[in-house]
Amino acid sequence: MGPAPTKLLWILVLTPSLILVRPLAVGWRSARVPIYVSSWAVRVTQGNREAERLARKFGFVNLGQVFPDGQYFHLRHRGVAQQSLSPHWGHCLRLKKDPKVRWFEQQTVRRRVKRSLEVPTDPWFPRQWYMNNEMPLDLNILQSWAQGLTGRGVVISILDDGIEKDHPDLWANYDPLASYDFNDYDPDPQPRYTPSNKNRHGTRCAGEVAAMANNGFCGAGVAFNARIGGVRMLDGTITDVIEAQSLSLQPQHIHIYSASWGPEDDGRTVDGPGILTHEAFLHGVTHGRGGLGTLFVWASGNGGLRYDNCNCDGYTNSIHTISVGSATRQGRVPWYSEACASILTTTFSSGLATDPQIVTTDLYHQCTDEHTGTSASAPLAAGMIALALEANPFLTWRDTQHLVVRASKPAHLQAEDWSTNGVGRQVSHHYGYGLLDAALLVDLARTWLSTQPQRKCAVEVVLAPLPILLRMRVEKNVSACGGSHRYIRSLEHVQVQLSLSYSRRGDLEISLTSPMGTRSTLVAIRPLDNSSQGYHNWMFMSTHFWDENPQGLWALGLWNKGYYFNTGTLHRCTLLLYGTAEDMMARPLVPQVTGSAGMRRDIKGLCQEGKATRYLSPEERFVGLQGGIHSPHPGSGAAAGMGSKTKKRVVLPTRPAPPTVEQILEDVRGAPAEDPVFTALAPEEPPVPHRNTEDPEAQWERFFLQGQAYVATNERLRQARDQLRQRCEDLCRASEELERDVGQVTQAALPVTSTTSD
Ligand SMILES: *[C@@H]1O[C@H](CO)[C@@H](O)[C@H](O)[C@H]1NC(C)=O
Ligand SMILES: *[C@@H]1O[C@H](CO)[C@@H](O)[C@H](O)[C@H]1NC(C)=O
Ligand SMILES: [Ca+2]
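This one's a predicted model, so the numbers in the text were calculated from it and none came from an experiment. (Residues numbered from 1 in each chain as written. Chains lettered and ligands numbered in written order. Predicted model: local features only at pLDDT ≥ 70, side-chain atom pairs only at ≥ 80, totals over all residues. Heavy atoms only, no water.)

A. Representation of the overall build of the protein. When helices and strands are counted, the protein shows 16 helices and 29 strands. A total of 758 residues make up the protein; the buried ones form 57% of that total. Sequence-distant contacts, at least 24 apart, represent 79% of the contacts inside the protein between residues at least 6 apart. Of the roughly 31400 Å² of accessible surface on the protein, 55% is carried by carbon and sulfur atoms. (Helix = DSSP H or I, 4+ residues; strand = E, 2+ residues; numbered from the N terminus. Buried < 20%, exposed > 50% of the residue type's maximum accessible area, 1.4 Å probe, protein only. Contact = heavy atoms within 4.5 Å. Areas by Shrake-Rupley, 256 points an atom, 1.4 Å probe, with all protein chains shown as cover.)

As structure tokens, this is what we get:
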């Protein structure tokens, strides 16, 4: 009945899902028999002198006091086996007989499972105020880590001025396949070192995403187990070709591209992607990531001081990018921040000199706490999205945006323009939907079912030229392509394609009001924009109508807010609605997996209700995927599709009563070979995303089924894990009772023995 054979059996049974089971196996083993080690705790009243005397007399080594100034001493005996299944009767007897010994106990191995809310030990982590729970409303990243999500298996590339790939806090996560140098056309993205360190930007952004954790250096990245690459493309002449090549580097390998650049933030430029770059975005979202779509995360812009507006920047303004704004620690709009209708979400960054900044890796193997600007916000969001992708690898590029909308909260962010849109969400031109919450994002991601294929409905609002008046409103009653296969019930992005001439472009404020009454400013006045060029087929974009029903009266507003004698002509205006025929607000609002939490012990070993439930690591997830359940009724919802089917396939044991000592002793003789829970966790090959040529409907059908199977399996495994955890806890408790019993037996036996021996 030694521990070896049973342990072996456990390994055989448990290998499929090591991460899940490792702590449980340990817990189980401790439930069997106490293992005695070669040290004793001894209480003597007369302090160290008495302990020394005891040690000399019986051959112990005195390892000193357990508590300072206390009576408890730690003694070790070199002549005793390091681990033994029985206590050492001889030494116990001698201590028992010594009149100066008030109490003693031979120590046993206490197997303790580490609790999940581990805070990284990196020396600069305490300075990472935006993610270390130091403030009540931070990015909630510790909570996602507590669920075991750290970006494992996700690949991110920073498109910037290079990456110091041998940096001590980056090298282990560095991914050469996600890296390239398009400035020198070679595979090495190492930055070019200059006296002013101007090429430190990419390295700083990379550390925010994936700086290594618990390595005793610098801080920790948001997704510290993700793979990180860098594309060097900003340190030289930038062309459409270079941008397009950078954005389409390895689209089957890289999941997320993070970019913190764009046209000059000078408050007067209206510029966007060229033909090739536009094509790169389009190709990325349709073919990248096996057809799920590449994720492009973009910084909104640093033109705040020049009253720039990021809707005049065709990169952040693209429906294919997730545009990220910034907030200071105090929850204010930073001085550099640009507002616009295309911002989707916000993370923290620097503010005034008195505000703390972002901690990250720096050139020359250094660490900095002075990373700033909107450039610092986008990588934080990219890291958080990596956590969501780890939680659910089947998210499409649009699913991700849906989730970001739902996981962003106004929190304590201050702005003059917060307003409630037609589906009841708070939205602002400074922050989009607000501060991104990593824990909420991953919770929602886990149970999210793929959205239907994107529909696009174009509505001509103005065909014949109209003179632009001082303040005018152009209305259009829209059916949202009702009655056709392009009909849209729930909006995602809304674009307005405009051609107009105007004497001073920056004086014209343009707004769009939806049938549900949401007014979004497509461009605010830009005092420095004195151009007389107007807009030529410029695409404005707004995220503020997300999930609204587009049917009804839309209104384009044009308002001269500058020079009274400005004149102009509105040549053309097309409203482009994107979305699906599904009523997205009819989906369940809350994550469905917050149910039964397992019992857990706190640091003191007390049993208590667990707060964070740990979900699947990639290993566990892939184990689960192939055993997935394909509901014959797409649309019936995750919970419904899962429930009945699961129970037929896998008979989960009902929550067991705490086992009796006899049952535990039975367990000692060998774990059951057939455990219904583990049968459910049979290993399979992970699915490999593949390029495909299927039509969008078929592709969506596939994503939907995969996603639904994923959600169902995830839920099933969560239930199984909760039950296992409960069982483990029961066994731990019973084991401790057993240890106590054995202790009492030992103590009780000693006086008897003492009369007959020695
Ligand atoms: C828009 O058109 C629909 C259908 O023709 C009509 O029922 C509705 O009253 C119109 N709305 C407005 C505000 O004109
Ligand atoms: C706009 O302003 C800039 C700088 O103030 C000036 O150089 C330029 O000539 C102006 N352009 C027009 C069209 O007025
Ligand atoms: Ca570190």
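B. Quick peek at the packing of helix α9 (residues 374–391) against helix α11 (residues 438–447). Between α9 and α11, the shortest axis-to-axis distance is 8 Å and the interhelical angle comes to 25 degrees. With respect to each other, α9 and α11 are oriented roughly parallel. The element α9 and its partner α11 pack so that their crossing is right-handed. Where α9 abuts α11, its residues M384, I385, L387, A388 and A391 lie against A438, L441, V442, A445 and R446. Residues that form the contact of α9 with α11 fall into these classes: nine nonpolar, no polar and one charged. (Axes fitted to C-alpha atoms, helices over the stretch in contact; angles between N-to-C directions. Parallel < 35°, antiparallel > 145°, perpendicular 65-115°, else oblique. Left-handed = near helix turned anticlockwise from the far one by under 90°. Nonpolar A, V, L, I, M, F, W, Y, C, P; charged D, E, K, R; others polar.)

C. Just the UniProt feature "active site" (unreviewed entry) in the protein, in detail. Taken from the UniProt record, the annotation "active site" (unreviewed entry) applies to D160, H201 and S375. Sequence-wise these annotated residues cover 216 residues; spatially they are packed, their C-alpha atoms never more than 10.3 Å apart. Once residues lying within four places of it in the same chain are set aside, the contact partners of D160 are H201, G202, C205, V231, R232, M233 and L234. Its location among the elements puts S375 in helix α9. Looking at S375, the relative accessible area reads 6%, which means it is buried. Not counting chain neighbours up to four residues away, the residues in contact with S375 comprise H201, C205, E208, S260, A299 and N302. One polar contact links S375 to H201, side chain to side chain, over a distance of 3.1 Å. (UniProt positions renumbered as here; feature names shortened; annotations may be inferred. Polar contact = N/O pair within 3.5 Å; in protein donor to acceptor, adjacent residues only side chain to side chain.)

D. A look at the coordination of the calcium ion (ligand 3). At the metal site, the calcium ion (ligand 3) is ligated by D122 (OD), D169 (OD), D169 (OD), M212 (O), N215 (OD1), F217 (O) and G219 (O), and these contacts range over 2.2 to 2.7 Å. Sequence spacing of the donors to the calcium ion (ligand 3): D-x46-D-x42-M-x2-N-x1-F-x1-G. For F217, a relative accessible area of 26% puts it in the partly exposed group. (Donors = N, O, S within 2.8 Å, 3.2 Å for Na, K, Ca; no water.)

E. Layout of the environment of E50. Its location among the elements puts E50 in helix α3 (residues 47–58). On the accessibility criterion, E50 (6% relative accessible area) is buried. Separated by 50 residues in sequence, E50 and K100 have C-alpha atoms that sit 7.8 Å apart. Ignoring any residue separated from it by four or fewer positions in sequence, one finds E50 in contact with V44 and K100.

F. Quick peek at the packing of helix α6 (residues 201–210) against α9. Remark: α6 packs on α9, axes separated minimally by 8 Å, with the N-to-C direction vectors making an angle of 35 degrees. Relative to α9, the crossing made by α6 is right-handed. Across the interface between the two elements, H201, C205, E208 and V209 of α6 pack against S375, A376, P379, L380 and G383 of α9. Partitioning the contact of α6 with α9 into residue classes produces five nonpolar, three polar and one charged.

G. Structural view of the state of the cysteines. Summed over the entire model, instances satisfying the criterion amount to three disulfides. The disulfide partner of C218 is C367, and the S-S distance across this bridge is 2.0 Å. Between C218 and C367, the S-S dihedral sits near 75 degrees, and the bridge is therefore right-handed. Here C367 lies in strand β14 (residues 366–371) and C218 lies in the loop between α6 and β8 (227–232), a separation of 149 residues in the sequence. (Disulfide = S-S within 2.5 Å.)

H. Seen up close, the packing of aromatic side chains. Inspection of the entire model under this criterion finds 22 aromatic pairs. Centre to centre, the rings of F125 and W145 are 5.9 Å apart; their planes meet at 40 degrees, and the pair counts as tilted. Placement of the pair is F125 in the loop between β5 (101–108) and α5 (141–146) and W145 in helix α5, with a sequence separation of 20 residues. Among the aromatic residues, ring-to-ring pairing joins Y257, W261, F281, F296, W298 and Y315 into one connected group. Above the plane of the ring of W124 lies R127, whose end atom (NZ or CZ) is 3.8 Å from the centre. (Phe/Tyr/Trp six-rings, centres within 6.5 Å; stacked < 30°, edge-to-face > 60°. Lys NZ or Arg CZ within 6 Å of the ring centre and 35° of its normal.)

I. Spotlight on unusual backbone geometry. Notably, N140 is not glycine yet its phi reads approximately 60 degrees, a positive angle. Inspection of the secondary structure puts N140 in the loop between β5 and α5. Even without a glycine there, the phi angle at Y307 is positive, about 50 degrees. Checked against the element boundaries, Y307 lands in the loop between β10 (295–299) and β11 (321–327).

J. Here's a closer look at the environment of R505. Among the secondary structure elements, R505 is positioned in the loop between β22 (490–502) and β23 (508–513). Spatially, the C-alpha atom of R505 lies 8.8 Å from that of R268, the residues being 237 residues apart in sequence. If sequence neighbours within four positions are ignored, R505 has contacts with R268, V270, R526, D529, S531, Q533, G534 and Y535.

K. Molecular detail of the side chain of S450. As for its position among the elements, S450 is in the loop between α11 and β19 (455–462). On the accessibility criterion, S450 (3% relative accessible area) is buried. With residues near it in sequence (within four places) discarded, S450 still touches T396, D399, R587, W700, F703 and F704.

L. View of α9. Taking 1.5 Å of rise per residue, the 18 residues of α9 would be expected to cover 26 Å, and the 26 Å separating its terminal C-alpha atoms lies within 8% of that figure. The buried count for α9 comes to 18 of 18 residues, which makes it a mostly enclosed element. (Expected span 1.5 Å × (residues − 1).)

M. Fine view of the sheet that holds strand β21 (residues 471–478). The strand order β21-β26-β23-β24 describes an open sheet built from four strands, whose pairing is antiparallel. The sheet terminates laterally at β21 and β24 (519–523), the two strands that pair on one side only. This sheet shows a mean twist of 20 degrees between the axes of neighbouring strands, independent of strand direction. Sheet topology note: the β23/strand β26 (residues 552–560) ladder contains six bridges and is antiparallel. Paired with S511 across the bridge in β26 is G557. (Pairing = 2+ DSSP bridges.)

N. Main features of the pattern of salt bridges. Scanning all chains against the criterion turns up 27 salt bridges. Between R232 and D181 there is a salt bridge; the shortest N-O distance is 2.7 Å. On the criterion of sequence distance, the pair formed by R232 in strand β8 and D181 in strand β7 (residues 180–181) is long-range, its members being 51 residues apart. Note on accessibility: R232 and D181 belong to one class, buried. (Salt bridge = Lys/Arg side-chain N within 4 Å of Asp/Glu carboxyl O.)

O. View of the side chain of R406. Mapped onto the elements, R406 comes out in helix α10 (residues 397–406). Excluding residues within four positions of it along the chain, R406 makes contact with R425, L440, L444, W448, W546, D547 and M584.

P. Molecular detail of the nonpolar core. Y130, W145, I256 and L441 are the most contacted members of the largest nonpolar core, which has 97 residues in total. Examining the composition of this core, we find that 12 residues originate from one element, α9, more than from any other. Of the residues that make up this core, three or more belong to each of domain 2 (130–447) and domain 3 (455–585). Counting 34 residues, the second-largest nonpolar core is a separate cluster that includes V459, V462, V478 and A480. (Core = buried A, V, L, I, M, F, W, Y, C linked by side-chain atoms within 4.5 Å. Domains from an automatic or database assignment.)

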